[in-house]
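Residues per chain are reported as follows:
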Amino acid sequence: MKTWTTAPVPELTGRGGPLRVHDTATGTVQVVHPDSGTAGLYVCGITPYDATHMGHAATYLTFDLVVRVWRDAGLDVTYVQNVTDVDEPLLERAERDGVAWQDLAASQIALFHEDMEALNVLAPQHYVGAIEGIPDDVTAVQELLAAGSAYPLPVEDGEGHDVYLDLSTQPSFGSMSGWSRDQMFEVFSERGGDPDRPGKRDALDPLLWRAHRDGEPHWPGEDLGDGRPGWHIECTTIALRYLGEAFDIQGGGTDLIFPHHEMSAVQARALTGQPFARAYVHQAMVGLEGEKMSKSKGNLVLVSALRREGVDPMAIRLALLAQHYRQPWDWTPEILQTAVARLACWRGALAAQPEPAAADAPAEPAGADVPPVVAEIRAALAHDLDAPAALRSVDEWVRVGAPGNRAAVAAAVDALLGIRL
Ligand code: 5CA
Ligand code: ZN
């Protein structure tokens, strides 16, 4: 599927250090990719309705920083993002609103792309729809059945068979999240699971293939019969196709730790015998007035609504960057006001006349005298994506009169933080 358009990233003098980031599976902050060469990132994309709220935006900005830091360290990054363009919640929303699910998906994907462009989020190299991935899902489910890692379950009151992964065949199950079964059961149903379906071998077994029911969209499944894939297999097969085994990072919000990332990982292990990602990085939940911002609750602040009100998207970006990705937080109008003021202050500093150089000072060649604030931004981001610390460094540089080569600082703020001044 077509991705969005990315503005050019300024080239900076020198290189940043390797990124250290928090891996949910080990609970440690670690260097994920110490070497030069290539790096692979898979980020779980939107289900296209009610896009793009501040929680989504925070998630995609976090992984945008990963790409920027890796590139600044000299890595050649392959970034893959999916879009869940067919799944239960999308179909339910389309039904509720009396629109065709395909139209709802197309319009919301277009809106999401506009928002990403406005927020200066770098586009993935591969932006892949769930529907595009169906042939790979069919192959994967057939392989899992053949290996005895999956089993069919007849549709009650209908034709055909659904297919489930047999978790009892997967000793690695649970190792990504580290959760107890009790914790898993607490969220499984509300996050798309079906623990009460009669006939499942384990209540937590994830759905791999859903046989066609009347009135539901369906695709050819070869010997699986017509139907559509389960949610988790979509991300397993897209990541494996475009990144291969044991790629560097799988990312998303903390609401995806279980079941989605646990199941995608265990399915990949069942298919390849190899680990899925080397690290799992999660953005903490963004809320509104004490509750998770979510489509189901409808308590949303949308990027597009703020843009329509005339808010500068760079101020929205600064508002999000002022929060550390591992700390849950609530969106407030004050956070946005602070960001608007900060942006104006930074822009004012760049526009102001520089202090006149002493009459006997030698003329500076262009590109010389990169102020220390650039190294500070690099160091803050490389240390577990500490964007708030990077912003404070720029604040301090501005406070002391924006000394040194201002163009070099503006280029670093653009390349590393994605803020165009
Ligand atoms: N399509 C699936 C992933 S394959 C999905 O979760 N879609 S979503 O539209 O519900 O969410 C898109 C991304 O935003 C996911 O990574 C999700 O974890 C993240 N997200 C959703 N709500 C919030 C929130 N309130 N705060 C932070 N991140 C959020
Ligand atoms: Zn996903």
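Keep in mind it's a predicted model, so treat the numbers as computed, not measured.

**Student:** Help me out: how do you make sense of the site of ligand 1 in this one?
**Tutor:** Looking at ligand 1, there are 24 residues lining it, with Gly45, Thr84, Gly253, Asp255 and Lys295 nearest. Within the backbone of Cys44, an N or O atom sits 3.5 Å from an oxygen atom of ligand 1. One of the backbone N or O atoms of Met293 is found 2.9 Å from a nitrogen atom in ligand 1. Contact with the protein chains hides 95% of the accessible area of ligand 1, taken as 600 Å² for the molecule alone.

**Student:** I would appreciate a short explanation of the coordination of the zinc ion (ligand 2) in the present structure.
**Tutor:** The coordination sphere of the zinc ion (ligand 2), as far as protein atoms go, consists of Cys44 (SG), Cys235 (SG) and His260 (NE2), spread over 2.1 to 2.3 Å. What the 4 donor atoms of the zinc ion (ligand 2) show is an angle range of 103 to 119° at the metal, which sorts the shape as tetrahedral. The sequence motif formed by the donor residues of the zinc ion (ligand 2) is C-x190-C-x24-H. Here the residue Cys235 occupies a position in helix 6 (residues 231-243), and His260 occupies one in helix 7 (residues 257-272), the gap between them amounting to 25 residues. For the residue pair Cys235 and His260, the accessibility class agrees, reading buried in each case.

**Student:** Explanation requested: the sheet that holds strand 6 (residues 150-154) in the structure shown.
**Tutor:** Pairing between sheet strands relies on hydrogen bonds along the backbone, with the strands arranged either parallel or antiparallel. Within the open sheet, the 4 strands sit side by side as 6-7-8-9. Their pairing is antiparallel. With partners counted over all chains shown, the strands left at the sheet margins are strand 6 and strand 9 (227-229), one partner each. Averaged over all pairs of adjacent strands, the angle between their axes in this sheet comes to 20°, without regard to strand direction. Those strands touched by helix 4 (residues 134-146) are strand 6, strand 7 (161-165), strand 8 (207-211) and strand 9, and its axis lies near 110° from that of strand 8.

**Student:** Would you take a moment to explain empty space enclosed by the protein for this structure?
**Tutor:** If you roll a probe as big as a water molecule over the atoms, it shows you where there is empty space left. Following the criterion strictly, the structure yields 2 cavities of 30 Å³ or more and no others. What the largest cavity holds in volume is close to 110 Å³. Surrounding the largest cavity, 13 residues form its lining, Thr62, Gln283, Leu320, Gln323 and Tyr325 being those nearest its centre. Those elements giving two or more residues to the lining of the largest cavity turn out to be helix 1 (54-72) and helix 9 (313-321). In terms of residue class, the lining of the largest cavity is made up of 9 nonpolar, 4 polar and no charged. No fewer than three residues from each of domain 1 (20-283) and domain 2 (298-353 + 369-421) sit in the lining of the largest cavity. Together, Gly16, Gly17, Val69, Asp72, Arg378, Leu381, Ala382 and Leu416 line the second largest cavity.

**Student:** Whenever I open this one, the domain arrangement of the chain confuses me. Can you help?
**Tutor:** As a measure of interface size, the accessible area lost when the parts come together is often cited. If you check the domain split of the chain, you get domain 1 (20-283) and domain 2 (298-353 + 369-421). With 29 residues of domain 1 in contact, the opposing surface of domain 2 contributes 30 residues. Both faces considered, domain 1 and domain 2 share a buried interface measuring about 2600 Å² in area, 63% of it formed by carbon and sulfur atoms. Broken down residue by residue, the surface that domain 1 buries against domain 2 is led by Met54, Leu65 and Leu119, which jointly contribute 25%. In this structure, the connection of domain 1 to domain 2 is made through 4 salt bridges. Across the pair Arg378 and Asp72 runs a salt bridge whose closest N-O atoms are separated by 2.7 Å.

**Student:** Explain the nonpolar core to me, please; I cannot follow it from the model alone.
**Tutor:** Across soluble globular proteins, nonpolar side chains have a tendency to be buried as a group. The biggest cluster of nonpolar side chains holds 81 residues, and the ones touching the most others in it are Met54, Ile249 and Trp331. Top element by residues in this core is helix 1. It accounts for 11 residues. For this core, the two domains that each supply at least three residues are domain 1 (20-283) and domain 2 (298-353 + 369-421).

What counts, and at which threshold
Residues numbered from 1 in each chain as written. Chains lettered and ligands numbered in written order. Predicted model: local features only at pLDDT ≥ 70, side-chain atom pairs only at ≥ 80, totals over all residues. Heavy atoms only, no water. Near = heavy atom within 4 Å. Polar contact = N/O pair within 3.5 Å; in protein donor to acceptor, adjacent residues only side chain to side chain. Areas by Shrake-Rupley, 256 points an atom, 1.4 Å probe, with all protein chains shown as cover. Donors = N, O, S within 2.8 Å, 3.2 Å for Na, K, Ca; no water. Tetrahedral: all angles 85-135°; square planar, octahedral: opposite > 155°, others 65-115°. Helix = DSSP H or I, 4+ residues; strand = E, 2+ residues; numbered from the N terminus. Buried < 20%, exposed > 50% of the residue type's maximum accessible area, 1.4 Å probe, protein only. Pairing = 2+ DSSP bridges. Axes fitted to C-alpha atoms, helices over the stretch in contact; angles between N-to-C directions. Contact = heavy atoms within 4.5 Å. 1 Å grid on protein atoms, 1.4 Å probe; cavity = no way out; pocket = protein on both sides within 12 Å on 5 of 7 lines; lining within 4 Å. Points joined across faces, edges and corners; volume = space filled by probe spheres on them. Nonpolar A, V, L, I, M, F, W, Y, C, P; charged D, E, K, R; others polar. Domains from an automatic or database assignment. Buried area = accessible area lost by both parts, 1.4 Å probe. Salt bridge = Lys/Arg side-chain N within 4 Å of Asp/Glu carboxyl O. Core = buried A, V, L, I, M, F, W, Y, C linked by side-chain atoms within 4.5 Å.

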